[in-house]
Amino acid sequence: MKKRVKFMVTAFRDGFQSAYGARVLTKDFIPAVEAAVHAGMDHFEAGGGARFQSLYFYCNEDAFDMMDKFREAAGKDANLQTLARGVNVVGLDSQPKDIIDLHAKLFKKHGISSIRNFDALNDVNNLTYSGQCIYDAGLNHEAVVTMMALPPGATGAHDAEFYNGVLKQILDSGTSYNSVCFKDASGTATPKVVYDTVKQARKLLGKDTHLVFHSHDTAGICIQQYVSALNAGADQVDLSLAPVSGGTCQPDVITMWHALRGTEFDLGIDIDKVMEAEEVFKECMDEYFLPPEATMVNPLIPFSPLPGGALTANTQMLRDNGLMDKFHDITMAMGDVIMKGGYGTSVTPVSQFYFQQAFNNVVMGPYKKIAEGYGKMVLGYFGKTPLKPDPEIVKICAEQMGLEPTEETVLELNEKDPKKGVKAAKEMLEKAGLEITDENIFIAATCKDKGIQFLKGEARMGIRLKEHEKPAEAPPAPAAPAASGYTVTINNNSYAVKLEGQKAVVNGVSYDVSVQEGIQETAPAAAPAPAAPAPQAGGGPSVDVKAPMPGLILRIEKQAGEAVEEGDLILVMEAMKMETEIFAPQAGTISEIKVTQGDQMKAGDVLAVIS
C-alpha cells in the first residue's frame, strides 16, 4: 500500500505573496477556493504573513473580513492555516505580550484552525510565548525551524545539527505544539541537508509527531527537496496551484503528483478535478499582472539567498522606480550582508533587512548607510542571531544609529516600550476618532499609520493589473482656494500661499505684497523671468532633503515654516517593507515640504527644503 502524503495548498497566501506581492482582492479569488474544495482539497493557507498587512496597505480591505469569507467558502471542516512570525505575529515590528495574545484569540475568532509559528533568527525566546498563546487559544500550533543554504564560501550554523539543535531547544522550552515544520523560504537548502535534517528530527520526535517540510522552487530544486524530505520521514509538504506555482512559489500539485508516480508515495487526489480547479483559478487571476520573475527559476538565488515571498515584492518596487538594473548587484551583495549580520535565516522580516542593507550598499556604498532593521538586528533588538555579527559591523551600526548592543529579550524590551501594546494602540485610535474594538486595536498595533489610514477610509489601492486592463487615471481636479489659503504650482513646484491683508505668507514665510487690478503700463513689459526658487527664510543658502531610496511617504512630522535642529525627524517613508526616518541634515527652517502623505517617491527625489 502506498503512503499517503498530506499537503497544504499555499496558493491563496504564499502563492499570492510570491507572485503578486500579496496584493489580491478577496472577491477575485474566492471562486478558486470553492473550486479547490470541490476538487477534494481541505487544507489551505488562508492568511497571515504578508497577506495580513498587504490587505490594509494595498487592497483597502480588512484581513479579518477576508478570513471570514475564506471560511465560508472553504466550509466548516477545512483546516485553515495562517503564518505567524513569533513575537512579530503578522507585522514587521515585534510586539509585547498583550498584542501577541490578542493575535491568537482574534485569528481563532475569525475562522482559523492552525497557525504556523516561526522566528527568522531561530531564537527560541521569540517562539515560546507566542506559541503557547496559539495553543492556549485552541488552535493547532505548528512550531517551526527556519532553514536556508549559506552563500558559497560561508560556513556556520545552517546545517542539520544546527537545525535539530534549535528543535531540541523548542522541545526543552516546554511550549505546547501539535506539529513541527522545517521552513526553507528561499528554497536553497541542499537536498542532502534536507534529508539529514528531517531524518534526525524524526528520530528526535518519534513516529507519531506530524512533520512538515516547506520550501519554494526559486532555486529550481524544490521537488528534489520534497522527495528527500519524504524519504527521510516527513508527513506533509506544501504545494500550490497554477497560475501561482513554480519559481518563487511552491511546486504545483500536478507537478508533485507527477514526480511521485511509480513511487511508494501518493497525494490521494483526483488529478482531473485538480486540473479543473486550476482552470478556474487562472480565470480568476487573468487580469492581474504576473511579474516574469515570479514563476522563473533563478540560478543566482543560492548566492543571496532571497526568499520567494520577498523577491517579487522587491523587484516590483525596483521596477516601479526604474531601478531593475540594480537587481543583480543587490542580489550579489546580500551574501556579504548575511555573513556579517550573524546568519539569521533569510525569511521575513530578516530577508527584508538583508535586501534593504544590500540595496543601501549598492546605491550608497558598503555600510555607508545602515538600514534601520538590519542595524537593530545586528545590535540584538530582534533577538539573538545564530552566530555573532561581525564586530566592525556592530560598531558601525551602533555609531550610525546611536544605539548600544543589547542582550535583553525582545519581549523584555517590548514590555517596557510605551509606544507598543494595547494601551498605545487605543491611544492611536482615540486620537483618530476611531471605534475601539479588539480588531481595530490589533490593526493599529501591527499596521501603525497605514492601519489608521485604512480605518479612516483614507487607504490607497495598490493592485497591479495587466497594463491593457488598468483603468485610466482621472486627471487631478483643478486646485480651488480654501478658507485657509491657496496651493500655487509653478514649474511643478508647489507653494502654500495665504493672503493676509497686505502680506502673503508663502510656505510659512511672510512677504509684503501689493495687488492692483489690470497691468500697469508705466514701464515696458519685461521678458518672462525664469522661475524663482522657493522663498528662503533669512535669505541664506538652502539644502534639499532627498529620498535615500524609493518609497512611500508614510507620514510628515514637520511643516513649512517650522524651525528644525540638525537630526530632527522631518518625515517617515515606507521603503522595502520597512519604515525609514528622514532627518534634517542641518539646522534651519523648513521652507518647503514638496510631498504629501501617500506619494510614491524615487531615490533622489527632493522631499523638503531647509534654509
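Residues numbered from 1 in each chain as written. Predicted model: local features only at pLDDT ≥ 70, side-chain atom pairs only at ≥ 80, totals over all residues. Heavy atoms only, no water.

## Focus: the overall build of the protein chain
Then, number 1: Broken down by element type, the protein chain carries 19 helices and 22 strands.
Then, number 2: Per-residue burial for the protein chain yields a buried fraction of 56% across its 611 residues.
Then, number 3: Accessible surface, the protein chain as shown: approximately 26,000 Å² in total, 52% of it carbon and sulfur. (Helix = DSSP H or I, 4+ residues; strand = E, 2+ residues; numbered from the N terminus. Buried < 20%, exposed > 50% of the residue type's maximum accessible area, 1.4 Å probe, protein only. Areas by Shrake-Rupley, 256 points an atom, 1.4 Å probe, with all protein chains shown as cover.)

## Some remarks on helix H4 (residues 63–74)
Then, number 1: Spanning twelve residues, H4 covers 16 Å between terminal C-alpha atoms, matching the ideal 16 Å at 1.5 Å per step.
Then, number 2: Taken together, the buried positions of H4 are Ala63, Phe64, Met66, Met67, Phe70, Arg71, Ala73 and Ala74.
Then, number 3: One or two residues past the end of H4 sits Gly75, with phi positive at roughly 95°. (Expected span 1.5 Å × (residues − 1).)

## Brief notes about the sheet that holds strand S22 (residues 606–610)
Then, number 1: Pairing is antiparallel in the open sheet, where four strands are placed in the order S15-S22-S20-S17. Of all strands in the sheet, those with a lone pairing partner are strand S15 (543–546) and strand S17 (563–564), marking the two edges.
Then, number 2: Bridge count between S17 and strand S20 (residues 588–593): two bridges; the pairing is antiparallel. Bridge pairing links Ala563 to Thr589 in S20. (Pairing = 2+ DSSP bridges.)

## Topic: the confidence of the model for the protein chain
Then, number 1: When pLDDT is averaged along the protein chain, the result is 88; 87% of the residues meet or exceed 70.
Then, number 2: Of the regions scoring below 50 in pLDDT, residues 468–484 engages in six contacts with residues more than four places distant in sequence or in other chains.
Then, number 3: Ignoring residues within four places in sequence, the model shows residues 517–539, a span with pLDDT below 50, making 18 contacts including any to other chains. (pLDDT = per-residue confidence, 0-100. Contact = heavy atoms within 4.5 Å.)

## Considering the nonpolar core
Then, number 1: Grouped together as the largest cluster of nonpolar side chains are 113 residues, with contacts concentrated most on Phe12, Phe29, Phe70, Phe182, Leu241 and Phe442.
Then, number 2: Here this core takes eight residues from helix H19 (residues 438–455), the largest share from any one element.
Then, number 3: Apart from residues no more than four positions distant in its own chain, Phe442 is found in contact with Phe52, Phe64, Val89, Val90, Ile99, Leu102, His103, Leu106 and Phe107.
Then, number 4: In this structure, Met148, Ala154, Val347 and Ala398 belong to the second largest nonpolar core, which totals 46 residues. (Core = buried A, V, L, I, M, F, W, Y, C linked by side-chain atoms within 4.5 Å.)

## As for the packing of aromatic side chains
Then, number 1: Within the structure shown, the criterion is met by 24 aromatic pairs.
Then, number 2: Relative to Phe44, the ring of Phe12 lies with its centre 6.2 Å away and its plane at 45°, an arrangement referred to as tilted. Note that Phe12 is positioned in helix H1 (residues 11–20) and Phe44 in strand S3 (residues 43–48), a separation of 32 residues in sequence. Here Phe12 and Phe44 have matching classes, each one buried.
Then, number 3: Pairwise contacts between aromatic rings join Phe12, Phe16, Tyr20, Phe29, Phe44, Phe70, Phe281 and Tyr288 into one cluster. (Phe/Tyr/Trp six-rings, centres within 6.5 Å; stacked < 30°, edge-to-face > 60°.)

## Points about the environment of Glu287
Then, number 1: In this structure, Glu287 sits in the loop between helix H11 (271–284) and helix H12 (308–320).
Then, number 2: A relative accessible area of 42% places Glu287 in the partly exposed class.
Then, number 3: Note: C-alpha distance between Glu287 and Leu465 (178 residues apart in sequence) is 5.7 Å.

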